[in-house]
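# Summary of structural features
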Amino acid sequence: MTDKALDLSVTIAGIRMKNPLMVASGTFGYGEAYASFIDNNILGAIVTKGISLEPSQGNLPPRIVETPSGMLNAIGLQNVGLECFIKEKMPYLRQFATPVIVNFYGTSIADYIKLAERLTGVDGIAGLEANISCPNIKEGGISFGTDPAMASRVTEGIRKATTLPLIVKLTPNVTDIGAIAKSVQDAGADALSLINTFTGMAVDVDTCKPVLANITGGLSGPAIRPLALRMVWETLKRVSIPVIGLGGIMNAQDALQFLIAGARAFEIGTALFVNPQAPYEILNGIESYLQKRNLSALSEVIGTLQQ
Amino acid sequence: MTDKALDLSVTIAGIRMKNPLMVASGTFGYGEAYASFIDNNILGAIVTKGISLEPSQGNLPPRIVETPSGMLNAIGLQNVGLECFIKEKMPYLRQFATPVIVNFYGTSIADYIKLAERLTGVDGIAGLEANISCPNIKEGGISFGTDPAMASRVTEGIRKATTLPLIVKLTPNVTDIGAIAKSVQDAGADALSLINTFTGMAVDVDTCKPVLANITGGLSGPAIRPLALRMVWETLKRVSIPVIGLGGIMNAQDALQFLIAGARAFEIGTALFVNPQAPYEILNGIESYLQKRNLSALSEVIGTLQQ
Amino acid sequence: MIHNATTHTAELVSKREVIPGTFHFVLHAPALARQSRPGQFVMIQVQDGTDPLLRRPLSLSGTCGDTVELLFQVKGRGTQLMAAWEPGRSVSLIGPLGNSFIIPDVIKTAVLVAGGIGAAPLLYLAKILVESRDLQREFFFGAKTGKERALVEGCIVNEDFEYVFVTEDGTQKFQGFVTDTLAGELERKKINAKGACIYSCGPSSMLKKVARIAAAYNIPCQVSLEAHMACGVGACLGCVVEARGGFKRVCADGPVFDSRALEWNYD
Amino acid sequence: MIHNATTHTAELVSKREVIPGTFHFVLHAPALARQSRPGQFVMIQVQDGTDPLLRRPLSLSGTCGDTVELLFQVKGRGTQLMAAWEPGRSVSLIGPLGNSFIIPDVIKTAVLVAGGIGAAPLLYLAKILVESRDLQREFFFGAKTGKERALVEGCIVNEDFEYVFVTEDGTQKFQGFVTDTLAGELERKKINAKGACIYSCGPSSMLKKVARIAAAYNIPCQVSLEAHMACGVGACLGCVVEARGGFKRVCADGPVFDSRALEWNYD
Ligand SMILES: Cc1cc2nc3c(=O)[nH]c(=O)nc-3n(C[C@H](O)[C@H](O)[C@H](O)COP(=O)(O)OP(=O)(O)OC[C@H]3O[C@@H](n4cnc5c(N)ncnc54)[C@H](O)[C@@H]3O)c2cc1C
Ligand SMILES: Cc1cc2nc3c(=O)[nH]c(=O)nc-3n(C[C@H](O)[C@H](O)[C@H](O)COP(=O)(O)OP(=O)(O)OC[C@H]3O[C@@H](n4cnc5c(N)ncnc54)[C@H](O)[C@@H]3O)c2cc1C
Ligand SMILES: Cc1cc2nc3c(=O)[nH]c(=O)nc-3n(C[C@H](O)[C@H](O)[C@H](O)COP(=O)(O)O)c2cc1C
Ligand SMILES: Cc1cc2nc3c(=O)[nH]c(=O)nc-3n(C[C@H](O)[C@H](O)[C@H](O)COP(=O)(O)O)c2cc1C
Ligand code: FES
Ligand code: FES
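Helix and strand counts for chain A stand at eight helices and 18 strands. Projected onto its principal axes, the C-alpha positions of chain A cover 55 × 50 × 40 Å. Going through the 307 residues of chain A one by one, you find that 64% of them count as buried. Counted over contacts in chain A with a minimum sequence separation of 6, partners at least 24 positions apart contribute 70%. Taken as a whole, chain A presents about 9,900 Å² of accessible surface, with 49% of it coming from carbon and sulfur. Each charge class in chain A can be summarised by its mean position, and for the 24 positive and 26 negative side chains these summaries are 3 Å apart.

Printed below as a string of structure tokens:
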């Protein structure tokens, strides 16, 4: 319709991305898993699998089970550990003209601080995404992300430990996501990403056992999209920092729902498993949408929800 | 396989049901909507559409939207009101050899108390199901069901106002469902039903408006089943009163997952919309399951989860 | 109102793409065919499994012996999946649902006003009117383009009906909206309150205008409405419209409403 | 390992119900056919929409020119839907995925041990072994009943293979589990470490026994494993098995593993 180049670029927490499509942590490995399907250079940003100070084996299998329009995973945050990540995974990731955002987690505030400090020096890391859905071992195993005060303390700790752009990723398993978001903002986060998975469960009626060795797992995929969208919208009423939306985005229409509701960018996770071509199709779909409406920049779409 | 009569009966809060299949509030009207499809006498119990002191118009349309394996509704608790319910709806419901459980809600504790008092005298009501997912208008509009202390106070109030079996229905939009459940039990509830709907949202990307006039709505259907099941299982670790499981149950396999996890009965809602024959199919499926395992009573299945 | 709807397993007997994107289905469903009346609808299961989850509401566009007919337009995923069905397929339907058009005993003139695919329930009514009564019959059909004529022509025989076809693209004698010609034609043909009745189905913007014209001429008018539905049987309260005296359920209190009973501000 | 998998839109060329509930598919997918090796698998999309959501992993049971072959058993909803596909249908596949069976240069005797539908990847391997090498070939096939012979006979030509068919129901010469005869036959035929290689696929209880026998005779043994998968490309870490030295991904580090590299306590 138009020959004008469309401007899909967005800036989040000072990270400039050529488009708003990010790949979600835990669904894209360390950037290599989809190499034969996707040119990493077309992505807005790559978020890597969550890393911890030490390598982690994760949970026993079975680790995944399909549910209606969704899947439960109980990977248990298996990862190669901080030092191996820097040494063996970063060189590959540095090749691309795409910002690399490193997702990380700890089981104490000290862990988060050490991780943030160490990652800050590393060449090629554009920003950090702190996953605060993990249990705080020191304080009775309650997730950092479910209590505003704890969420604030861990964010403050990380904030002081790094000069990198800091995105905090929130868990949806809470009563008031806005309250958590607000306290994370006030503690110094540059942006928020939401949501992580909802805790769910499946039972095998033949064996009378939980399907997952871990009993419970995190629900992702289109099933949770309406809940994720509501949380993004609700959060945006409480914070002024940018919000990255995710949860069940499968196609351009889904992504646009989040952008219209005010998310400045979005991540896709489970969609990649189902359709490795999703990044191309989603970006094309967003371009068509702009063209059909005679818009030249994505910024004209973000937050246009009429209430 | 066997000619023995199977015993599917369960007793919840002193209410004896011939089987564990209940129809969920808001999905079966006042017992008449499925009259041409289902013999109400085959049901374990009928839970009626939530009533309030005064008739309520509910929200403006559009009120429903389909989502992946689910639907959002924003009915806004439209109902005929307490007195009309008693005068015009109860006579119909009294005809059946099936316990009638009246779902009700208020926007203040005083409302809940008045409703419980008035319903207690009424012939043919086997029990009450208090929906505490509604905003507490007096205390800033926060849902009664999201705070353990508020949940406790409203339960206590209802408990004192009625001698009828009292089921309290919990909302899943909370950080710690077990804590709410525990405080509702301690405040005198005879049983719990969970879960009500998850708050979600959908945006129409063509109009840039929320699809629902109310902006947000409640997600029901198979999409939420893994989350509901997890909450039932988690709640059962904290309480000793019976739990009724619901959320996305479509077939016998789904229902059995809840029973095996420890729910003593279950409700079906959205399934009725998709398949009005679901009650027959589910009951047959549960019977086949018992027969295949050479069991004679449903009680031999409940809570058999091996962890 | 206690309806007589049940679940039917029907067989798709024939399928015809009437115009691109609009299909005519004939389904073998004897009990349903026997019980249905014009204006009623069915809820059709699109696919096993949970996506799409909800049944789709479709008006009956006719019955014939042991079969029922549907006429539908591909709109979204559900109707797209249906368009790929092949004869022989087994289809789950619930119905007949809703109320039906009322044909008053004293009726002298029936004026049917259809907009696009809104023709579906009116074709059923038309057939019954032709079979059961001797009266003056008018069929106004509004469409975007001339090719949509195929939706009704063939069903509406010109000896049975005075037929007016109005298209937005002006390929026909009458150009514009069907409602632009309606008043003039009523005037010309001296159709008025005395024994006349208007029946209409189509986009809500059209129905609103039809209702206004009917009111101006004081002609009773029945409109068939659409709303997004979950249950189709009156249970969920999802499909309400604003009516005088409060919300009404399109599925159980309608889909046919006396136009004067509705609050026309709703669209 | 960076694999060369991509998304393929294949056409279902032919479909055959080999025995009730087990289907043989031939799919036109030239690029895939060219790149694949025995032991590799594809992730197949069962249906548009989001239920079922995940792709299903299926081994390649062969390639021929521009086509690839699948042999699968109906197990749950996904495979049931696939069983209803008709030739001409367009199918989305990703592949080729995973590693493949290794055929050592020095190999003298190849012993293939298949359990039921586990025959699928071994039939592909068998074909390559016949085409590419001159060596002693043994095919042990274990099944529940005699009628399952149709899964492999016809593919495994008796001149190419020494063929041993063992059924649980005893309708054949050998009754019991295939693993009951394996050791005896290795003994009898004096197959041992020298240049022999065992390749096996089937239920994990069977694989465990095969691994134990292989260890006892000190014969290298490659087993093809199954695991529930989300991505199939190594991204999600959902499909791990316990191996010496930590978890391995069945999809990317496997599905073929040296039996000595696995922790056999996992089942
Ligand atoms: C009583 C009644 C009778 C109808 N009769 C006919 C008919 O005879 N022929 C015909 O072509 N169409 C008819 N419709 C409209 C038809 O139901 C929709 O076009 C259809 O549901 C669209 O489904 P989809 O999956 O293709 O679209 P999608 O947009 O993907 O559907 C998503 C959801 O929205 C609902 N929906 C979308 N559009 C409508 C609509 N206009 N009305 C109600 N629900 C909608 C769907 O049922 C579904 O739940 C009727 C609607 C009603 C309420
Ligand atoms: C590498 C690999 C190769 C395979 N090759 C073949 C083959 O050639 N022929 C064949 O018949 N089967 C094969 N299988 C098994 C096949 O994947 C399952 O039978 C199939 O996924 C069942 O899907 P469903 O929807 O019918 O069953 P459901 O039980 O409804 O499936 C539910 C979920 O569980 C998964 N699942 C169920 N059973 C298995 C299983 N045994 N292995 C892995 N995932 C499972 C499904 O993929 C799906 O995600 C293979 C599995 C793997 C991992
Ligand atoms: C297999 C799997 C692994 C995941 N691992 C991580 C992780 O390591 N860190 C994290 O913050 N989120 C992780 N997630 C959550 C996703 O990043 C994302 O928040 C979630 O899946 C919702 O998005 P989706 O529905 O698009 O998948 C994981 C999700 C899946 C499915
Ligand atoms: C249309 C609709 C109306 C509902 N109305 C009520 C209600 O009045 N009171 C109540 O407690 N729950 C109400 N619910 C919630 C259901 O009772 C049930 O908790 C929820 O739908 C989850 O179960 P399901 O997935 O089986 O539908 C309603 C649900 C739907 C879909
Ligand atoms: S669709 Fe449920 S009441 Fe009308
Ligand atoms: S299936 Fe995702 S890593 Fe193997």
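This part takes up the overall build of chain C. When helices and strands are counted, chain C shows five helices and 16 strands. In terms of C-alpha radius of gyration, chain C reaches 18 Å, essentially the compact-globule figure of 18 Å for 267 residues. On the principal axes, the C-alpha backbone points of chain C span a range of 55 × 40 × 35 Å. Going through the 267 residues of chain C one by one, you find that 58% of them count as buried. Long-range contacts, defined as pairs at least 24 residues apart, comprise 66% of the intrachain contacts of chain C with a sequence gap of at least 6. Total accessible area on chain C is roughly 10,900 Å²; 50% of this is exposed by carbon and sulfur atoms. For chain C, the centre of its 28 positive side-chain charges and the centre of its 27 negative side-chain charges are spaced 3 Å apart.

Taken together, the 28 residues of chain C in the interface contact 33 residues of chain B. Summed over both partners, the interface of chain C with chain B comes to about 2,500 Å²; 64% of that surface belongs to carbon and sulfur atoms. On the chain C side of the interface with chain B, the three residues burying the most area are Leu-53, Leu-237 and Phe-247 of chain C, jointly 25% of the side's total. The salt bridge involving Glu-66 of chain B is made with Arg-56 of chain C; its shortest N-O contact spans 2.8 Å.

This part is about the pattern of salt bridges. Scanning the model with the defined rule gives 33 salt bridges over all chains in all. The closest approach of N and O atoms between Glu-185 of chain D and Lys-189 of chain D, which form a salt bridge, is 3.8 Å. For the residue pair Glu-185 of chain D and Lys-189 of chain D, the accessibility class agrees, reading buried in each case. Across the pair Arg-244 of chain D and Glu-263 of chain D runs a salt bridge whose closest N-O atoms are separated by 3.8 Å. Pair noted here: Arg-244 of chain D is in the loop between strand S14 (240–243) and strand S15 (246–249) and Glu-263 of chain D is in the segment after strand S16 (256–258), with a separation of 19 residues, a long-range link. For Glu-263 of chain D, a relative accessible area of 28% puts it in the partly exposed group. Taken together, the shared-partner salt bridges connect Glu-138, Glu-162, Glu-185, Arg-188 and Lys-189 of chain C into one network.

Now for the site of ligand 4. All names here are of chain B. Of all residues adjacent to ligand 4, which total 22 residues, the nearest are Ser-25, Lys-169, Gly-221, Gly-248 and Thr-270. Asn-103 is positioned such that a nitrogen or oxygen atom in its side chain is 2.9 Å from an oxygen atom of ligand 4. Between ligand 4 and the protein, one listed contact pairs an oxygen atom with a side-chain N or O atom of Asn-131 at 3.2 Å. Burial of ligand 4 by the protein amounts to 98% of the accessible area it has alone, namely 600 Å². For the shell around ligand 4, the class distribution of residues is six nonpolar, 14 polar and two charged.

The next subject is the relation of the copies chain B and chain A. Mapping chain B onto chain A calls for a screw motion: a turn of 180 degrees about the axis and a shift of 0.0 Å along it, with 0.0 Å RMSD after fitting. On the angle and the small slide along the axis, the relation comes out as a two-fold axis. Taken together, the interface assignments show that 100% of the residues at the interface of chain B recur at the interface of chain A, consistent with an identical surface on both copies.

Time to look at the site of ligand 3. Looking at ligand 3, there are 22 residues lining it, with Ser-25, Lys-169, Gly-221, Gly-248 and Thr-270 of chain A nearest. Near ligand 3, the surrounding residues are drawn from chains A and D. Between ligand 3 and Ser-25 of chain A, the relevant distance is 2.7 Å, taken from an oxygen atom to a main-chain nitrogen or oxygen of the residue. Residue Asn-103 of chain A places a side-chain N or O atom 3.0 Å away from an oxygen atom belonging to ligand 3. Bound to the protein, ligand 3 loses 98% of the 600 Å² it would expose on its own. Tallied by class, the residues present in the shell around ligand 3 amount to six nonpolar, 14 polar and two charged.

For the rest of this paragraph, the subject is the domain arrangement of chain C. All names here are of chain C. According to the domain assignment, chain C consists of domain 1 (6–97) and domain 2 (109–224). Placing the centre of domain 1 and that of domain 2 at their C-alpha centroids yields a distance of 24 Å. In this assembly, 16 residues from domain 1 lie in contact with 12 residues from domain 2. Together, the buried faces of domain 1 and domain 2 total about 1,200 Å²; carbon and sulfur atoms form 72% of this surface. Put simply, domain 1 and domain 2 have zero salt bridges between them. Elements supplying a minimum of two residues to the side of domain 1 that touches domain 2: strand S1 (6–19), strand S5 (62–64) and strand S6 (67–73). In the side of domain 1 that touches domain 2, the residues fall into seven nonpolar, eight polar and one charged.

This part is about the pairing of strand S13 (residues 221–224) of chain D. Residues and elements named next belong to chain D. Side-chain alternation along S13 places Cys-221 and Val-223 on one buried face and Gln-222 and Ser-224 on a second face that is also buried. Where strand S12 (residues 196–201) and S13 come together, four bridges link them in parallel fashion. From the neighbouring strand, Ile-198 faces S13, where its bridge partner is Cys-221. A crossover links S12 with its parallel partner S13, the connecting element being helix H5 (residues 204–216), and its sense is right-handed. For S13 and S16, the ladder comprises three bridges, and the chain directions are antiparallel. Residue pairing in the sheet places Val-223 in a bridge with Phe-257 of S16.

All names here are of chain B. On the secondary structure map, Ser-9 appears in the segment before strand S1 (10–12). Reaching out from Ser-9, the side chain makes a polar contact with the side chain of Asp-7 at a distance of 2.7 Å. Apart from residues no more than four positions distant in its own chain, Ser-9 is found in contact with Arg-16, Met-17, Lys-18 and Asn-19.

By size, the foremost hydrophobic cluster in this structure holds 320 residues, and its most contacted members are Tyr-34 of chain A together with Tyr-34 of chain B. Not counting residues within four places of it along the chain, the set of residues in contact with Tyr-34 of chain B comprises Thr-27, Phe-28, Leu-272, Phe-273 and Pro-276 of chain B together with Cys-231, Val-233 and Ala-235 of chain C. Listed in part, the 30 residues of the second largest apolar core include Ala-110, Ala-120, Phe-139 and Ala-143 of chain D.

Residues and elements named next belong to chain B. Pairing in this closed barrel of eight strands is parallel, and the strands run S3-S4-S7-S8-S11-S12-S17-S18 around the ring. Here the strands of the sheet are splayed against their neighbours by 25 degrees on average, with no regard to which way each runs. Contacts from helix H2 (residues 109–120) reach strand S7 (100–104) and strand S8 (127–131), with the element oriented near 160 degrees to S7.

With that out of the way, let us pick up the interface of chain B and chain A. At the junction of the two partners, chain B supplies 41 residues and chain A supplies 41 residues. Taken over both partners, the interface formed by chain B and chain A buries close to 3,700 Å², and the fraction arising from carbon and sulfur atoms is 66%. The largest share of the area that chain B buries against chain A comes from Met-201, Val-205 and Cys-208 of chain B, three residues that together contribute 17% of it. At the junction of chain B and chain A, the tally comes to 16 residue pairs in polar contact (both at pLDDT 80 or more). Residue contributions to the side of chain B that touches chain A peak at six residues, all from helix H5 (residues 225–236) of chain B. Per-class residue counts for the side of chain B that touches chain A are 22 nonpolar, 14 polar and five charged.

With that settled, consider helix H5 (residues 204–217) of chain C. Residues and elements named next belong to chain C. A rise of 1.5 Å per residue sets the reference length of H5, with its 14 residues, at 20 Å; its end C-alpha atoms lie 20 Å apart and thus fit the reference within 8%. All of the buried residues along H5 are Met-206, Leu-207, Val-210, Ala-211, Ile-213 and Ala-214. Buried residues in H5, looked at end-on, bunch into an arc of 165 degrees, giving them a common side. What points out from H5, more than 90 degrees from its buried face, is the exposed set Arg-212, Ala-215 and Ala-216. Structurally, H5 contributes buried residues whose contacts are with strand S8 (109–115), helix H4 (178–188), strand S12 (196–201) and strand S13 (221–224). Asn-218 lies just past H5 and shows a positive phi near 60 degrees.

Calculation criteria
Residues numbered from 1 in each chain as written. Chains lettered and ligands numbered in written order. Predicted model: local features only at pLDDT ≥ 70, side-chain atom pairs only at ≥ 80, totals over all residues. Heavy atoms only, no water. Helix = DSSP H or I, 4+ residues; strand = E, 2+ residues; numbered from the N terminus. Buried < 20%, exposed > 50% of the residue type's maximum accessible area, 1.4 Å probe, protein only. Contact = heavy atoms within 4.5 Å. Areas by Shrake-Rupley, 256 points an atom, 1.4 Å probe, with all protein chains shown as cover. Lys, Arg positive; Asp, Glu negative; His and termini not counted. Charge placed at Lys NZ, Arg CZ, Asp CG, Glu CD. Rg over C-alpha atoms; globule rule 2.2 N^0.38 Å. Buried area = accessible area lost by both parts, 1.4 Å probe. Salt bridge = Lys/Arg side-chain N within 4 Å of Asp/Glu carboxyl O. Near = heavy atom within 4 Å. Polar contact = N/O pair within 3.5 Å; in protein donor to acceptor, adjacent residues only side chain to side chain. Nonpolar A, V, L, I, M, F, W, Y, C, P; charged D, E, K, R; others polar. Least-squares fit on C-alpha atoms with pLDDT ≥ 70 in both. Domains from an automatic or database assignment. Pairing = 2+ DSSP bridges. Right-handed = clockwise from strand over helix to strand, strands pointing away. Core = buried A, V, L, I, M, F, W, Y, C linked by side-chain atoms within 4.5 Å. Axes fitted to C-alpha atoms, helices over the stretch in contact; angles between N-to-C directions. Expected span 1.5 Å × (residues − 1). Arc of directions from axis to C-beta.

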